[in-house]
Amino acid sequence: MKVPYELKQGQSRLFHKLPSGLDMEVIFQKGLNRRNPEERRERSENPPLVFVHGSFHAAWCWAEHWLPFFSQNGFDCYALSLLAQGESDEPAGPVAGSLQTHAADVADFIRKVITLPPVLLGHSFGGLIVQYYIASIRSEQILETESLHPDLAGAVLICSVPPSGNSGLVWRYLFSKPIAAFKVTRSLAAKAFQTSLPLCKETFFSAEMEDHLVQRYQKLMTESSRMPLFDLRKLNASLPVPSVLNSSTEVLVLGANDDFIVDTEGLKETGRFYGVSPVSIEGVAHDLMLDCSWEKGAKAILSWLSGLNKQGKI
């Protein structure tokens, strides 16, 4: 990367070799165990957390705040950079991959590196990859085929593209908020967020976010993504994500009240798909993990993880 991300204390950068021979960047931070020995005996071991970013981001977006936060709370954290993003290798061809290949890369990492069923967390288009992963676990169970997508302890979908893709979002914006629709298209499809600081802030962050931070993340986003994650035409043709009736995977659907990209209806659609009530965080925007109130989303996830632990599901 032209703008290398400087790791924080306790973080290390690893490279996982995929079956294709390409290397996938992983930023790792080990969980700190601050419980006394009595509590450690009483409570089960925390599941590892595996983070999957969305378009124009990479592993660094989790390393900034959330990896230190969850590490402090006793969770081993692994943030992945999908192919052609961050410091991962580039595949041949015009795009980084497909829903299927990205999910397979995540699964290969989990199968070969992670010893306990992890909680898989995905942001934006990364959330769609997590949804496809969940559906793949279920289809392998039904067909009794070899498990290429290892079981999960749970999944968190953060400001996720809904199961039907982003076309519904786009059409709703066109009819209800045409100016916003123009801005989103210009910002993301035409990549204008890379050169316009105000547009970058409006797309990803809260109005209160300090400009110097927006500028820093704008540079990292600009240099992080050397290829589009998907061919969007092919992606939309492959959607919606296969249904997951009777899935054993516990899912948290988490959104942001000030999200400029994923609207309330998109958040509700994802919640309906998994039969859960979505949680929408006040006072934060699309980049929940980088925004000035990033701890609000992190605390909501920690509370959900604690609930799973108490129910004996992790």
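Residues numbered from 1 in each chain as written. Predicted model: local features only at pLDDT ≥ 70, side-chain atom pairs only at ≥ 80, totals over all residues. Heavy atoms only, no water.

Undergrad: Describe the pattern of salt bridges, naming the residues involved and giving the relevant values.
TA: Enumeration according to the criterion identifies 11 salt bridges in this entry. With a shortest N-O distance of 2.7 Å, arginine 226 and glutamate 90 are connected by a salt bridge. In this pair, arginine 226 is assigned in the loop between α9 (211-224) and α10 (232-237) and glutamate 90 in the loop between β4 (77-80) and α4 (99-113), connecting sequence segments 136 residues apart. The salt bridge involving aspartate 108 is made with arginine 111; its shortest N-O contact spans 3.2 Å. Residue aspartate 108 and its partner arginine 111 are both found in helix α4; the two are separated by three residues, about one turn of the helix. Connected through shared salt-bridge partners, Lys8, Glu64 and Arg216 make up one network. (Salt bridge = Lys/Arg side-chain N within 4 Å of Asp/Glu carboxyl O. Helix = DSSP H or I, 4+ residues; strand = E, 2+ residues; numbered from the N terminus.)

Undergrad: Tell me about the environment of serine 124, and name the residues and values.
TA: Within the secondary structure, serine 124 is located in the loop between β5 (119-123) and α5 (125-143). If sequence neighbours within four positions are ignored, serine 124 has contacts with Gly54, Ile158, Cys159, Ser160, Val161 and His286. (Contact = heavy atoms within 4.5 Å.)

Undergrad: Go over helix α11 (residues 264-274), please, and point to the residues and values.
TA: Among the residues making up α11, those that are buried are Gly266, Leu267, Glu269, Thr270, Gly271 and Tyr274. Among the residues trailing α11, glycine 275 stands out with phi positive, at a value near 65°. (Buried < 20%, exposed > 50% of the residue type's maximum accessible area, 1.4 Å probe, protein only.)

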